[in-house]
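Architecture and fold: a report
Take a look at the letters that make up each chain.
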Amino acid sequence: MQTDLNTFIVEQEARFITGVQEIIDDTWAKYVSTIESMGVEGYVRVHQQAYDRWFEAGQ
């Protein structure tokens with residue numbers, strides 16, 4: 001999951017930055033929909049939980 005998601009994000013980021021892909025409502029909505037279907041919410045949840053544990057351990 002993480003590898004495919006990271007690859008997609010990096011590739012799209014490059015397309016947005018270089019102007020190959022415009023950032024307009026339709027393309028942004030498609031980008032968000034795609035990363036959601038790839039499981040971005042689970043990815044964020046796992047990383048947030050790890051950060052929370054790390055933060056609590058340092059207090």
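The structure under discussion appears in the preceding block.
Residues numbered from 1 in each chain as written. Predicted model: local features only at pLDDT ≥ 70, side-chain atom pairs only at ≥ 80, totals over all residues. Heavy atoms only, no water.

1. Topic: the nonpolar core
What counts, and what does not: The term nonpolar core refers to a set of buried residues drawn from Ala, Val, Leu, Ile, Met, Phe, Trp, Tyr and Cys, joined through side-chain atoms within 4.5 Å. Throughout, exposure labels follow a simple rule: accessible area from a 1.4 Å probe, protein chains only, divided by the maximum for the residue type, with under 20% read as buried, over 50% as exposed, and the rest as partly exposed. Numbering goes from the N terminus for both helices and strands, where a helix is a DSSP run of H or I of at least four residues and a strand is a run of E of at least two.
In this structure, Leu 5, Phe 8, Phe 16, Tyr 31, Ile 35, Val 40 and Tyr 43 together form the largest nonpolar core, which totals seven residues. Broken down by element, the residue count for this core peaks at three residues, all from helix α1 (residues 2-18).

2. Some thoughts on the environment of Val 10
Along the chain, the position of Val 10 falls in helix α1. Classification of Val 10 by relative accessible area gives exposed; the value is 53%. Between the alpha carbons of Val 10 and Val 44 there is a distance of 16 Å; along the sequence they are 34 residues apart.

3. A few points about a nonpolar patch on the surface
Which entries qualify depends on this criterion: Surface patches are defined over residues having more than 30% relative accessible area and no salt bridge, joining like charges when they lie within 9 Å and nonpolar side chains (Val, Leu, Ile, Met, Phe, Trp, Tyr) when within 5 Å. Here the accessible surface of atoms and residues is derived via Shrake-Rupley with a 1.4 Å probe, and residues count as covered only by protein chains that are part of the display. Any carboxyl oxygen of Asp or Glu that lies within 4 Å of a side-chain nitrogen of Lys or Arg is treated as forming a salt bridge with it.
Judged by side-chain polarity, Tyr 51, Trp 54 and Phe 55 come together as a nonpolar surface patch covering roughly 370 Å² of accessible area. Tracing the chain through its elements places Phe 55 in helix α3 (residues 40-57).

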